[in-house]
Amino acid sequence: MATSGVNEKVHHVVEIPENTHFQTLSKEPQGTAKIDYSRRAQWLRAALLGANDGLVTVSSLIMGVGAVNRDVRAMLLAGFAGLVAGASSMAIGEYVSVHTQLDIEIAQIKRDKGSSRNGENHKEEEEKEGADHDDQNQEKLPNPFKAAMASAVSFSAGGLVPLLSAAFIQEYRVRVTAVAAVASLALVVFGGVGATLGRSRVGISCVRVLVGGWLAMAVTFALTKLIEYSGMSM
């Protein structure tokens, strides 16, 4: 015979130990090294700033001189002189700046060591930890020579872009247009590369670098054009 229509529900209770740890699915695989993007700042800043400065400086010089003298030789000579002078200036300035930062950080490390020696005696484990900390500080110290070389090389690389784009064009208007177009494209590339490596917004970085380069070239061209209007032609 059929039993009554009452269905009994059986609840199973599972006891979970208190010390049980759960792992989420989003956990990163073990052994995956975390990238410290702040440590890229030294060489990335020097390289990108050097490339942007070289590109904008040489482009502005070529267009500025071209505003008063349409001779291709005069424009290229001005651009080459700006490339050499700018690369040397960037290297020296970066070396002095980074070396000053290095001196400050070394002096701070020495002060920290002096204060720790004047305190109470520490255990061996604390001394080992302090030695490891000092080694990490030494690795993070800036290198003036690397920064100077990065600035000089990147400035030269950026300055060669407008020089090569203007070297083989005889027509003045086409030459100026080519320099402006190539420089704009390179500025967008530099802005995008810097944003990608630094994990920042690519669009904003590209627009900021592009507008800054346009402004520098436009101001240089306009001010030197006033010389031609005033009768002081080259």
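These numbers come from a predicted model, not from an experiment.

S.K.: For this particular structure, what's the right way to read the UniProt feature "transmembrane region" (unreviewed entry) in the chain?
M.R.: The sites that carry the UniProt feature "transmembrane region" (unreviewed entry) are, in the present numbering, residues 46-68, 74-92, 147-170, 176-197 and 209-227. Secondary structure content for residues 147-170 is 88% helix and 0% strand, and the end C-alpha separation is 38 Å.

S.K.: What am I meant to see in the environment of W214 here?
M.R.: Here W214 lies in helix α6 (residues 202-229). With 34 residues separating them along the chain, W214 and A180 place their C-alpha atoms 8.3 Å apart.

S.K.: Would you take a moment to explain the side chain of R175 for this structure?
M.R.: When you line up the elements, R175 lands in helix α5 (residues 172-198). The buried charged residue R175 lacks any salt bridge, with D71 as its nearest oppositely charged partner at 6.5 Å. Ignoring any residue separated from it by four or fewer positions in sequence, one finds R175 in contact with R70, D71, V72, M75, A166, I169 and Q170.

S.K.: How should I be thinking about α5 in this particular structure?
M.R.: For α5, spanning 27 residues, the distance from its first C-alpha to its last is 39 Å, which sits close to the expected 39 Å at 1.5 Å a residue. One or two positions beyond α5, positive phi appears at R199, with a value near 55°.

S.K.: Quick question: what am I supposed to make of the environment of T177 here?
M.R.: With respect to the helices, strands and loops of the structure, T177 is situated in helix α5. Residue T177 is classed as exposed on the basis of its relative accessible area of 53%. Each C-alpha atom, one on T177 and one on S165, is 9.9 Å from the other, the two residues being 12 residues apart in sequence.

S.K.: How do you make sense of the confidence of the model for the chain when you look at a structure like this?
M.R.: Interpretation of the predicted coordinates at a detailed level should be avoided for regions scoring low in pLDDT. When pLDDT is averaged across the chain, the result is 77; 68% of the residues are at 70 or more. Within the chain, helix α4 (residues 144-167) carries the highest mean pLDDT (90), whereas helix α3 (residues 124-140) carries the lowest (55). In the predicted structure, residues 1-14 sits below a pLDDT of 50 and forms zero contacts with residues beyond four places in sequence or in another chain. Every residue in residues 19-32 scores below 50 in pLDDT, and together they form two contacts with partners more than four places removed in sequence or on other chains.

Cut-offs applied
Residues numbered from 1 in each chain as written. Predicted model: local features only at pLDDT ≥ 70, side-chain atom pairs only at ≥ 80, totals over all residues. Heavy atoms only, no water. UniProt positions renumbered as here; feature names shortened; annotations may be inferred. Helix = DSSP H or I, 4+ residues; strand = E, 2+ residues; numbered from the N terminus. Buried < 20%, exposed > 50% of the residue type's maximum accessible area, 1.4 Å probe, protein only. Lys, Arg positive; Asp, Glu negative; His and termini not counted. Salt bridge = Lys/Arg side-chain N within 4 Å of Asp/Glu carboxyl O. Contact = heavy atoms within 4.5 Å. Expected span 1.5 Å × (residues − 1). pLDDT = per-residue confidence, 0-100.

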